[in-house]
Amino acid sequence: MKKILTLAALLACLPIVAQENAIIDLQPQKETWRIEKEIYGHFSEHLGTCIYGGVWVGPDSPIPNTMGYRNDVLEALKQLQIPVLRWPGGCFADEYHWRDGIGPRQLRPKMINTHWGGTVEDNSFGTHEFLNLCELLGCEPYISANLGSGTVEEMADWVEYMTSPADSPLANLRRENGRDEPWKVKYFGVGNESWGCGGNMRPEFYADQYRRYATYCRNFGDNRLFKIAVGPSDFDVNWTEVMMERVGRRMNGLSVHFYTVYNWNAKGSATKFTPDDYYRTLGKCLDIDKVIQSHRTIMDRTDPDQRISIMVDEWGTWWDEEPGTVRGHLYQQNTMRDAFVAALSLMVFHKHGERVKMANIAQLANVLQAMVLTKDDKMVLTPTYHVFEMFKVHQDADFMPLEVNSPDLVTPDKKVIQSVYATASVNQKGTMHISLANVSLDRSCEVTVNLNGAQYKESSGRILTSGEISDHNDFDHPHTVKPEPYTGMKSGKDFLTLTMPAKSIVTVELVPAGK
Ligand code: AHR
């Protein structure tokens, strides 16, 4: 008896290792679609230090640079295989006059960036600097043009200036400014948030404005514009209804904006938050699934052939600005919590990949949910960067449908979320990648992946995790959060098992079984 009691007392003292189980069923027999690489797109606005200091320091800067672009940031961004970059805004786009940003830099006029902190904009980063950056990064440019305060003529001229191969006054002006060959510009946004900072328009009015402005955005030479109309924010389905009815196939894409913000009046600190705040954030982030579905439902009815795509051209977390930083510059830190928002959002975009053809996280550097943070000559990669880098293997791969069965979690605001999320794809070489997120803060999970006839075996994997969910990288500790090799995967006959620690994100690679 004494022995039994002692054993019971001993067991009571041992920490309980909380582990759960989840099952993922791959469904290789189901219909699939391409995960367009543009889903891994980015957004760079003239806002705070996103462009100036973040990407552009100018050719005379002591910070190591290539033609004015900082080398450390260029290198980091190249690793992400950025497919598309949106510019110059955002709200800034509807006050931007492109002619201010061409010609000799010392002669360019200055302006006040009224949206973002009243900062003086010297226009030293303009059309040439942006399009050359896209060429250096090997990505498509996505120009967001001024409909709010600009004229039809100004917009039409910009398209001609950038893309015309002709012997025309505007193409010749481009040549005088140092660029002989026209650039290829595919993605062209006609306004930004025209329901808000882009002009406070009603959808009916904007629809007519879009029709008028877009008419004069011509295809020059062999350049073909993919025209993107301003779409709804969040659940504004009326905006979508009106646009589908009044603009329809005159647009190639309809933008959707969705930010993970729980309370716009008290967004909260990026780094100091409770477990409840964390779970509430994930619940909010996952609303993007319902937002997309609400607009898809309208589009599936009015455009059953899926000729018009959804472009989620602004998304991400939005926290309080870091104490001590310039008000209106939207500088925020980025923790493992942001990494989870990135991972879950990308998984949702994959799932809606038949209709969602582009997504652009806000923003590239030093603003909102950034990839990199810079200070003088220092740069750190954020946890969100690492998710984009680990998930880049899904770019242009075929979506592998799957079903996840995992224990539920209930957020403080009573939303039911899963403890494990997953997405999978098969690339052109036949290699499969599965990305998983165990969002639980305190429970590891044994995940069984049933291959259901898909013939694959384990190859390699990487994991992103950290001791605390609020862990982040800063200039004194740049490598607190970084991916490590993952060793928790085992292959069985027609299944795999993956042991996922609490709060971890994993990407594994599987190769065809015969290889
Ligand atoms: O990304 C910051 C701002 O958020 C953009 O300028 C605007 O389009 C949105 O409201």
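Residues numbered from 1 in each chain as written. Predicted model: local features only at pLDDT ≥ 70, side-chain atom pairs only at ≥ 80, totals over all residues. Heavy atoms only, no water.

As for the overall build of the protein chain
Logical step 1: The secondary structure content of the protein chain amounts to 10 helices and 27 strands.
Logical step 2: Taking 2.2 N^0.38 as the reference for a compact globule, 515 residues should give roughly 24 Å; the C-alpha atoms of the protein chain span a radius of gyration of 24 Å, in line with that estimate.
Logical step 3: In terms of principal-axis extent, the alpha carbons of the protein chain reach across some 95 × 50 × 50 Å.
Logical step 4: Of all 515 residues assigned to the protein chain, the portion counted as buried reaches 58%.
Logical step 5: Taking the contacts inside the protein chain whose residues are at least 6 apart along the sequence as the reference set, 76% of them involve residues at least 24 apart.
Logical step 6: Total accessible area on the protein chain is roughly 21000 Å²; 51% of this is exposed by carbon and sulfur atoms.
Logical step 7: In the protein chain, which carries 53 positive and 65 negative side-chain charges, the distance between the mean positions of the two groups comes to 3 Å. (Helix = DSSP H or I, 4+ residues; strand = E, 2+ residues; numbered from the N terminus. Rg over C-alpha atoms; globule rule 2.2 N^0.38 Å. Buried < 20%, exposed > 50% of the residue type's maximum accessible area, 1.4 Å probe, protein only. Contact = heavy atoms within 4.5 Å. Areas by Shrake-Rupley, 256 points an atom, 1.4 Å probe, with all protein chains shown as cover. Lys, Arg positive; Asp, Glu negative; His and termini not counted. Charge placed at Lys NZ, Arg CZ, Asp CG, Glu CD.)

Let's talk about the site of the ligand
Logical step 1: In the vicinity of the ligand, the residues found are Phe43, Glu45, Gly90, Cys91, Trp116, Asn192, Glu193, Tyr259, Glu314, Trp318, Gln363 and Leu368.
Logical step 2: Within the contact set of the ligand, an oxygen atom lies 2.7 Å away from a side-chain nitrogen or oxygen of Glu193.
Logical step 3: For the ligand, an oxygen atom lies 2.8 Å from a polar atom in the side chain of Tyr259.
Logical step 4: Notes on the ligand: free accessible area 280 Å², of which the protein chains cover 94%. (Near = heavy atom within 4 Å. Polar contact = N/O pair within 3.5 Å; in protein donor to acceptor, adjacent residues only side chain to side chain.)

Focus on the sheet that holds strand 22 (residues 444-450)
Sheet strands associate in pairs through backbone hydrogen bonding, adopting either a parallel or an antiparallel arrangement.
Logical step 1: Read from one edge of the open sheet, 5 strands run 17-1-22-26-25, paired in mixed fashion. Sheet topology places strand 17 (402-405) and strand 25 (489-491) at the edges, where each strand pairs with a single neighbour. Ignoring which end each strand starts from, the neighbouring axes of this sheet average 15 degrees apart.
Logical step 2: Two elements, strand 1 (residues 19-26) and strand 17, share 4 bridges in a ladder whose sense is antiparallel. The partner of Ile24 across the bridge, within strand 17, is Val404. (Pairing = 2+ DSSP bridges. Axes fitted to C-alpha atoms, helices over the stretch in contact; angles between N-to-C directions.)

Remarks on the state of the cysteines
Logical step 1: All chains considered together, the criterion is met by 1 disulfide.
Logical step 2: In this model, Cys91 is linked to Cys197 through a disulfide, with the two sulfur atoms separated by 2.2 Å. Here the disulfide of Cys91 and Cys197 is left-handed, its torsion about the S-S bond being about -90 degrees. With Cys91 in the loop between strand 5 (84-87) and strand 6 (111-113) and Cys197 in the loop between strand 9 (187-190) and helix 6 (203-215), this residue pair connects regions lying 106 residues apart in the sequence.
Logical step 3: By relative accessible area, which is 28% here, Cys197 ends up partly exposed.
Logical step 4: We note that Cys134 lacks a disulfide partner, and the nearest cysteine sulfur, in Cys139, lies 3.9 Å from it.
Logical step 5: On the accessibility criterion, Cys134 (2% relative accessible area) is buried.
Logical step 6: No disulfide involves Cys445; its nearest neighbouring cysteine sulfur is the one of Cys285, lying 19 Å away. (Disulfide = S-S within 2.5 Å.)

Structural notes on the domain arrangement of the protein chain
Logical step 1: Each assigned domain of the protein chain is listed with its residue range as follows: domain 1 (4-32 + 400-512) and domain 2 (37-396).
Logical step 2: On the side of domain 2, 43 residues touch domain 1, which itself brings 43 residues to the contact.
Logical step 3: Counting the surface lost from both domain 1 and domain 2, the interface buries some 3400 Å², and carbon and sulfur atoms represent 70% of this.
Logical step 4: A per-residue breakdown of the area domain 1 buries against domain 2 is headed by Ile469, Phe475 and Ile505, which together make up 21% of the total.
Logical step 5: Where domain 1 meets domain 2, there are 2 salt bridges.
Logical step 6: Arg462 is the salt-bridge partner of Glu389, the closest N and O atoms lying 2.8 Å from each other. (Domains from an automatic or database assignment. Buried area = accessible area lost by both parts, 1.4 Å probe. Salt bridge = Lys/Arg side-chain N within 4 Å of Asp/Glu carboxyl O.)

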